[in-house]
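Tertiary structure, described
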Amino acid sequence: MNIRLLHPAWDWILSLLFLSIFPFAVLLGLYYPNVILEQGISHRIFYFHVPVAWVALYGPGISSICAVAYLVTKNRTWDTLSLSANKISLLFAIGVLFSGPIWAYLAWGTPWDTTDARLNSFFVLVLSLVAYFLLRFLVLDQTKKYIFSAFLSLFCSVNAILTWGAIRWMDNPGNHPSSVLGKKGMDPDMRISFWLGILAYHLLFLILYRLVYRLDKIKAVREELSD
């Protein structure tokens, strides 16, 4: 268990960046950009909902890379890194599930559009992440647990890719808007607030990832010593 995420000095660097950027990004999203008239003040949720959703989709990708590394090397550290990434991804995904219906109800008049491809595919992603942790809890054999978890991580990453492409690769019958990176783009005030929010929540992901990985690593070491 000797793989280090980053040099310890990065704790200070990331913390300083986070404390400098995150509060400003949140306040900027709440007060600076103009709102879309059809949605009113509920549009402010956009500057939380979308950045959090991006991180929730990236997490399974990071986890799957670590899962493949575990399958190749059988080094327990890669399983721990994969586990930590999925924990953060599930946390952010829950944030999406809470913020999305609030925005949807105020914007569309319904908290969940059952015909929307993006919403349904994201819900499947959440279910696959929950299944990942249920599997780790139910499978007692350690070797089988790590192998099954690795393959389920790959499945979660496939779900994340399909969720990302749900509004890009098909005609979406639901209410979900098209990609924010589409041809029309965003007004300058929205663009500044959006990209600063993206940076802020990615910094939050990195900090949480380092903390969760350390806790998972300590637990893994204890399990190895008790074997």
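One can find the structure itself at the top, above this paragraph.
Description of the structure in this document. Since the structure is predicted, the reported quantities are computational estimates derived from the model, not experimental observations.

What follows deals with the side chain of S82. Tracing the sequence through the fold places S82 in helix 3 (residues 76–108). When sequence neighbours within four positions are dropped, the list of residues in contact with S82 reads S63, C66, A67, Y132 and S153.

The final tally for this structure, using the stated rule, is 12 aromatic pairs. Between F46 and F194 the ring centres are 5.5 Å apart and the planes differ by 25°, which places this aromatic pair in the stacked class. Of this pair, F46 sits in helix 2 (residues 46–73) while F194 sits in helix 6 (residues 188–226), and the two are 148 residues apart along the sequence. Like F194, F46 is buried. Grouping aromatic residues by their ring pairs yields a cluster made of F46, Y47, W54, Y58, F194 and W195.

Axis separation between helix 1 (residues 9–31) and helix 6 bottoms out at 8 Å; the angle between their running directions is 140°. Here helix 1 lies oblique to helix 6, going by the angle between them. The way helix 1 lies across helix 6 gives a crossing that is left-handed. Considering only residue class, the contact of helix 1 with helix 6 consists of 18 nonpolar, four polar and three charged.

What follows concerns the environment of Y132. Here Y132 shows up in helix 4 (residues 117–138). For Y132, a relative accessible area of 0% puts it in the buried group. Measuring from C-alpha to C-alpha, the distance between Y132 and S149 comes to 6.4 Å, with 17 residues separating the pair along the chain. When residues no more than four places from it in sequence are discounted, the contact partners of Y132 are S82, L83, N86, S149, L152 and S153.

What follows is about the pattern of salt bridges. In this structure the tally under the stated criterion is three salt bridges. Between K87 and D216 there is a salt bridge; the shortest N-O distance is 2.6 Å. Here the residue K87 occupies a position in helix 3, and D216 occupies one in helix 6, the gap between them amounting to 129 residues. A network of salt bridges, in which partner residues are shared, links R76, D79 and R136.

Calculation criteria
All residue numbers refer to position in the chain's written sequence, counted from 1. In keeping with the predicted nature of the model, local features appear solely for residues at pLDDT of at least 70, side-chain atom pairs appear and are counted solely at 80 or more, and the whole-chain, interface and lining totals rest on all residues. Neither water nor hydrogens contribute to the side-chain values; these are computed over all heavy atoms in the structure. Only DSSP runs of H or I reaching four residues or more are called helices, and only runs of E reaching two or more are called strands; each is numbered from the N terminus. Note on contacts: a residue pair is in contact if any heavy atoms of the two residues lie within 4.5 Å. Only Phe, Tyr and Trp rings take part, Trp by its six-membered ring, and two of them pair if their centres are within 6.5 Å. Stacked means planes under 30 degrees apart, edge-to-face means over 60, and tilted covers everything else. Relative accessible area decides the class of each residue, using a 1.4 Å probe on protein chains only: under 20% of the type maximum gives buried, over 50% gives exposed, and in between gives partly exposed. Here an angle of 0 to 180 degrees is reported between the N-to-C directions of two axes, which are lines fitted to C-alpha atoms, with helices fitted over the stretch in contact. Roughly parallel means an angle under 35 degrees; roughly antiparallel means over 145; roughly perpendicular covers 65 to 115; every other angle is labelled oblique. A clockwise turn of the near helix away from the far one marks a right-handed crossing, whereas an anticlockwise turn of less than a right angle marks a left-handed crossing. When residues are grouped by polarity, Ala, Val, Leu, Ile, Met, Phe, Trp, Tyr, Cys and Pro land in nonpolar, Asp, Glu, Lys and Arg in charged, and all others, Gly among them, in polar. By definition, a salt bridge exists where a carboxyl oxygen of Asp or Glu is found within 4 Å of a side-chain nitrogen of Lys or Arg.

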